[in-house]
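# Descriptive analysis of the structure
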Amino acid sequence: MKNSIIYSLLAIMLCSCGVKTTEVLLTAESGEKCAAQPAERFAKTTLENAVVVDLDDERQTLDGYGVSLTESSAFILACLTDEEREAVLKEFFSEEGANFPIVRTHIGACDFSVEGKYSLCEKDGDTAMETFSLDRDKEGFSRAQYPQIKNEQYDLYHLMKDVAAIKAAQEDKEYRIVANTWTAPAWMKDNKAYYERDWSRDLHRGGHLLPEYRQAYADYLLKFAEAWRAEGVEIWAMTPVNEPQGNDGGWESMDFGPEVEADFIANYMAPTFAKNGFEHIKILGFDQNIFEMSPYTKAIYDDNAAAAAATDGMALHWYGSTFSCFPEVLDSIHALYPGKRLIHTEGCIDNLGCPAWEAVTDPAGFTESGWFNNDSFWWNNCATDWAYSTPYWPELHPAYSACQRYAQYIIEGMNHWMTGFIDWKCVLDSIGGPNHVQNYCGASVMVDYANDIVYYTPYYYVLKQFSRMMRPGAKALGVSETGLEDVFVSAVRSEDGSVVVNVLNKRKEAVCLPLQVGEYSAKLSVPANCVESLRLSL
């Protein structure tokens, strides 16, 4: 009896002096995939030289983490059996899986369309949008043309509906859709083309929206929102156009300079949405690489009061570097416009299998590498991007580990005011397609339909871990520098009050990380080459 009393008192004393994590998840090169780990004990004490999570420094509100719904992804899902497709979508969007709360989709064709070069209003001069229709996204895929197809009726429309149904069934109020075009319908543009690329004539451009069609283009965007509302699906945000600085005419695109975009938002897009009951749609500007953002923030926020009032924030891409989120740019933009959102809307492992610039411009140079069903590829410096081995900022584009790139970008982005991250595409085939211009890329899930293999890439589990641990509404917290090379830390306070700490260790050996969270601290042993997330209920 006496001993039991002593043990009880000791237990009470220990509890009063410390706290255990309520959840620990690990994704690592050693094989763990969003796997639950033993609890860590934090003592009620202060550690010297610790990484400090400042509980009093609440920052931006998170929008969450997600993937993109493209026609190419719908095509690959149509190559699966109904049971396989349902399993993949539940893994992405159900509460038992990643439960991604945010997605992005395209209006009309993009590079990740199967055949490309289409809009949702193809009739020349139809400024009243009388022929606007979602029918192009409802066509399905013919087995006669594509023998690998198992469900001829499945398409982008049904993918959008399936995801919406999963979210509705679990009464998910967090679900958000970002939509945008890669280009206006060709008949609205000066070149009457979706894009032009002819290296022999030094011709590579997307073309410009003709001024007389700015209202028609705003109506085109409105019609998309109206069409999906009629289907019971609301659009949360739109950008005027994807990559307004162009992509050298490599695929569907439209050049939209800063002043043009500001004028379009102020005088066409925002008023059109407002007078038709869609003022709730958040307008996001820019939608291209972070380091090139400043001319757009100046034109929209500083030089056009109406555009500034109508624009919720900036949409960002990561293609300027394989290792940096350009924190100095994010910090400076936030300092200038602290009330405006900074959200990542596109990033991927681009030019998969094309390590040399010559292979990018010559599709015949494409060769498959060892990324499919090979976790080692994704954890080590095997990936290259569009600027590898080129004169375009090679110092910013070394070979990289895909898992590390995702984790570092998200962690550092969160520490520098980014509110969310959307991966570009959700499902592709084993070579990173289909893509109608051979712009092959990685995806969270890759499918070898010939051999019936559905491969969840390791970086999918990094995104799943972040999505499960950091939900929309969480507040980013200030975190001090780690002082350790290749080790990165971020933290959030969830709406339930719990604190989540994320650690990326890029090293090939475990590291000891002294961590201070408020008045509690621990010396963590962080495994090699991993992402670890810890939840504390303080």
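To start, this report covers the structure provided alongside it. None of the values given here were measured: they were computed from a predicted structure.

The subject of this paragraph is the sheet that holds strand 15 (residues 427-429). Taken together, three strands build an open sheet; the order of strands is 15-16-17 and the sheet is mixed. Unpaired on one side and paired on the other, strand 15 and strand 17 (453-456) mark the two borders of the sheet. When strand polarity is set aside, the average angle formed by the axes of neighbouring strands in this sheet is 25°. In this fold helix 3 (residues 82-93) packs onto strand 15, strand 16 (445-448) and strand 17, with an angle of close to 10° to the strand it touches most, strand 17.

Right, let's talk about the packing of aromatic side chains for a bit. Applying the stated criterion across every chain, the model contains 39 aromatic pairs. The interplanar angle of 75° and the centroid separation of 6.5 Å between the aromatic rings of F93 and F100 together place this pair among those described as edge-to-face. Taken individually, F93 and F100 each receive the classification buried, so the pair is uniform in this respect. Seen from their ring centres, F112 and W424 are 6.0 Å apart, and the 85° between their planes marks the pair as edge-to-face.

Two elements in contact, helix 6 (residues 258-275) and helix 7 (residues 294-302), have axes whose closest approach is 8 Å; the angle formed by their N-to-C orientations is 40°. By the angle class used here, helix 6 and helix 7 are oblique. Crossing of helix 6 over helix 7 shows right-handed handedness. Note on element contacts: helix 7 touches helix 6 through P295, Y296, A299 and I300, opposite P258, E259, E261, A262 and I265.

A few words on unusual backbone geometry. With omega at 5°, the peptide bond leading from G433 into P434 counts as cis. Relative to the helices and strands, P434 resides in the loop between strand 15 and strand 16.

The next subject is the side chain of N435. Examined against the element boundaries, N435 turns out to sit in the loop between strand 15 and strand 16. Engagement of the side chain of N435 in a polar contact is seen with the backbone nitrogen of N439, the distance being 2.9 Å. Discounting chain neighbours no more than four positions away, the residues touching N435 are D111, F112 and S113.

The next thing to look at is the side chain of Q516. Of note, Q516 is situated in strand 21 (residues 511-517). Separated by 2.9 Å, the side chain of Q516 and the backbone oxygen of T45 make a polar contact. Among the polar contacts made by the side chain of Q516, one reaches the main-chain amide nitrogen of L47 at a distance of 2.9 Å. Apart from residues lying up to four places away in sequence, Q516 is in contact with T45, T46, L47, A50, V51, V52, V53 and S521.

Enumeration over the complete set of coordinates arrives at zero disulfides. Sulfur of C34: no disulfide; nearest cysteine sulfur belongs to C403 and is 12 Å away. Taking the relative accessible area as the measure of exposure, C34 reaches 13% and is therefore buried. Left without a disulfide partner, C426 is nearest to the cysteine sulfur of C110, which lies 12 Å away. A relative accessible area of 0% places C426 in the buried class.

We now examine the nonpolar core. Here is a general trend for soluble globular proteins: nonpolar side chains tend to be buried in one another's company. By size, the foremost hydrophobic cluster in this structure holds 150 residues, and its most contacted members are Y217 and M238. Among the elements that line this core, the one with the most residues is helix 5 (residues 214-230), at 10 residues. Contacts of M238, omitting those with residues within four sequence positions, involve I107, A179, L221, F224, A225, M269, F273, I281, K282, I283 and L284. Of all hydrophobic cores here, the second largest spans 25 residues; its members include A28, L477, V511 and L524.

Counting buried positions over the seven residues of strand 22 (residues 520-526) gives five, a clear majority of the element. Sheet topology places strand 21 next to strand 22; seven bridges connect them, and they run antiparallel. Note on strand 22: the bridge partner recorded for L515 is A522. Between strand 21 and strand 22, which pair antiparallel in sequence order, lie two residues; one of them, G518, sits at a positive phi of approximately 60°.

Its 14 residues give helix 12 (residues 402-415) an end-to-end C-alpha distance of 20 Å, which sits within 8% of 20 Å, the value for a rise of 1.5 Å per residue. Burial of helix 12 is extensive: 14 of the 14 residues sit out of reach of the surface. W417 lies just past helix 12 and shows a positive phi near 85°.

Enumeration over the complete set of coordinates arrives at 27 salt bridges. A salt bridge links E231 to K138; the shortest N-O distance between them is 3.8 Å. Of this pair, E231 sits in the loop between helix 5 and strand 10 (237-238) while K138 sits in the loop between strand 6 (102-107) and helix 4 (156-169), and the two are 93 residues apart along the sequence. When salt bridges with common partners are traced through the structure, they connect D63, R176, K282, D312 and R341 into a single cluster.

The rules behind the values
Residues numbered from 1 in each chain as written. Predicted model: local features only at pLDDT ≥ 70, side-chain atom pairs only at ≥ 80, totals over all residues. Heavy atoms only, no water. Pairing = 2+ DSSP bridges. Helix = DSSP H or I, 4+ residues; strand = E, 2+ residues; numbered from the N terminus. Axes fitted to C-alpha atoms, helices over the stretch in contact; angles between N-to-C directions. Contact = heavy atoms within 4.5 Å. Phe/Tyr/Trp six-rings, centres within 6.5 Å; stacked < 30°, edge-to-face > 60°. Buried < 20%, exposed > 50% of the residue type's maximum accessible area, 1.4 Å probe, protein only. Parallel < 35°, antiparallel > 145°, perpendicular 65-115°, else oblique. Left-handed = near helix turned anticlockwise from the far one by under 90°. Polar contact = N/O pair within 3.5 Å; in protein donor to acceptor, adjacent residues only side chain to side chain. Disulfide = S-S within 2.5 Å. Core = buried A, V, L, I, M, F, W, Y, C linked by side-chain atoms within 4.5 Å. Expected span 1.5 Å × (residues − 1). Salt bridge = Lys/Arg side-chain N within 4 Å of Asp/Glu carboxyl O.

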